[in-house]
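Residue-level structure breakdown
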Amino acid sequence: MIRFALILMACVTGVPAMAQTVVPVPRPTPEERAETAAAAAARAETASQAVLAEATRPLTDAEQQAFSQQIRTCWNVAEAEPVRVTVQFEMDDNAHPIPHSFALISADEAARETADLAFAAARRAVLRCAGETGYDLPSVAMPYWQRVQITFDPTDIAVDGETN
């Protein structure tokens, strides 16, 4: 098909056409087509992983500390119960927490009601601090901050990013 198009183009432009030799090319079997498609998909996946690896990096310690400090300023310890809770949530591409993604991962040994109150206070802090612009997190570290676990402790707060 391509050879025909090139020859046709040569005839239209006035350049003498080349002598043609027709060589039949066997059509690939369905198995060969599937193999070729699978190989192409594997090459594309490998290439996209390489690009992702080059385009991402984890949060630095300073970035984690700044993120933790930002949340700490919105966490009202007075409204939180005296119980340590670990909360997990996801964020969208603009570093806004996704409200329905919050989950209580763990709580100190406390009554369920007390743990629920501490969880609610932690959730409010994360949502309140994001504001309208979201958290100030680098986009190159997005895979590391799209799912976050934070331990809220009345005496300290720690932030751990997780990859997807």
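Located above this text is the structure these notes cover.
Here the residue numbering is sequential within each chain, running from 1 through the sequence in written order. Predicted model: local features are reported for residues with pLDDT of at least 70 only, side-chain atom pairs are reported and counted for 80 or more only, and whole-chain, interface and lining totals are derived from all residues. Excluding hydrogens and water, the side-chain values take into account all heavy atoms of the structure.

Looking at the overall build of the chain
The test is simple: A run of DSSP states H or I qualifies as a helix once it reaches four residues; a run of E qualifies as a strand once it reaches two. Both are numbered from the N-terminal end. Think of it in three bands: residues with accessible area under 20% of the maximum for their type are buried, residues over 50% are exposed, and the middle band is partly exposed, with areas taken using a 1.4 Å probe on protein chains only. Note on definitions: a residue-residue contact is assigned when non-hydrogen atoms from the two residues lie within 4.5 Å. Only the protein chains shown count as cover for residues, and the accessible areas themselves come from Shrake-Rupley with a 1.4 Å probe.
The helix and strand tally for the chain stands at five helices and four strands. Start at the N end of the chain and walk to the C end: the helices and strands fall as α-α-α-β-β-α-α-β-β. Counting the 164 residues in the chain, one finds 27% classified as buried. A separation of at least 24 residues holds for 65% of the contacts in the chain among residues at least 6 apart in sequence. When the accessible surface of the chain is totalled, it reaches about 11000 Å², and 57% of it is carbon and sulfur.

Some points on the pattern of salt bridges
Threshold: What makes a salt bridge here is a side-chain nitrogen of Lys or Arg within 4 Å of a carboxyl oxygen of Asp or Glu, nothing more.
Overall, the coordinates contain five salt bridges when judged by the stated rule. Residue Asp153 pairs with Arg84 through a salt bridge whose shortest N-O separation is 4.0 Å. Residue Asp153 is located in strand S3 (residues 147–153), and its partner Arg84 is located in the loop between helix H3 (61–74) and strand S1 (85–90); the two are separated by 69 residues in the primary sequence. We classify Arg84 as partly exposed; its relative accessible area is 38%. Between Glu90 and Arg147 there is a salt bridge whose closest N-O contact spans 3.8 Å. Within this pair, whereas Glu90 is found in strand S1, its partner Arg147 is found in strand S3, the two being separated by 57 residues in sequence. Glu90 sits in the partly exposed class, given a relative accessible area of 32%. Note on Arg147: relative accessible area 24%, which makes it partly exposed. Within this structure, Arg84, Asp108 and Asp153 form a network of salt bridges that share partners.

Points about the side chain of Gln88
Using the following cut-off: In protein, a polar contact requires one atom able to donate a hydrogen and another able to accept it; more generally it is a pair of N or O atoms within 3.5 Å, and residues adjacent in sequence count only if both atoms are side-chain atoms.
If you trace the backbone, Gln88 turns up in strand S1. Polar contacts involving the side chain of Gln88 include one to the side chain of Gln149, which spans 2.9 Å.

Overview of the nonpolar core
For clarity, the cut-off: Residues enter a nonpolar core if they are buried and are Ala, Val, Leu, Ile, Met, Phe, Trp, Tyr or Cys, with the set joined through side-chain atoms within 4.5 Å.
Formed by 29 residues in total, the largest nonpolar core has its most connected members in Tyr135, Trp145 and Phe152. Breaking this core down by element, the ones donating at least two residues are H3, S1, helix H4 (112–130), helix H5 (142–145) and S3. Looking at this core element by element, the count peaks at eight residues for H4.

Topic: the packing of aromatic side chains
Rule in force here: Centres within 6.5 Å make a pair out of two Phe, Tyr or Trp rings, where for Trp the six-membered ring is used; the pair is then stacked when the planes are under 30 degrees apart, edge-to-face when over 60, and tilted otherwise.
All told, the structure shown has three aromatic pairs when counted by the stated rule. Pairing Phe67 with Tyr135 gives two aromatic rings, centres 4.9 Å apart and planes at 80°, and the pair type is edge-to-face. Separated by 68 residues along the polypeptide, Phe67 in helix H3 and Tyr135 in the loop between H4 and H5 bring together distant segments of the chain. Take Tyr135: its relative accessible area is 4%, and that puts it in the buried class. Between the aromatic rings of Trp75 and Phe152, the centroid separation amounts to 5.2 Å while the plane-to-plane angle is 65°, which identifies the pairing as edge-to-face.

Fair warning: the whole summary comes from geometry, so function is off the table for now.
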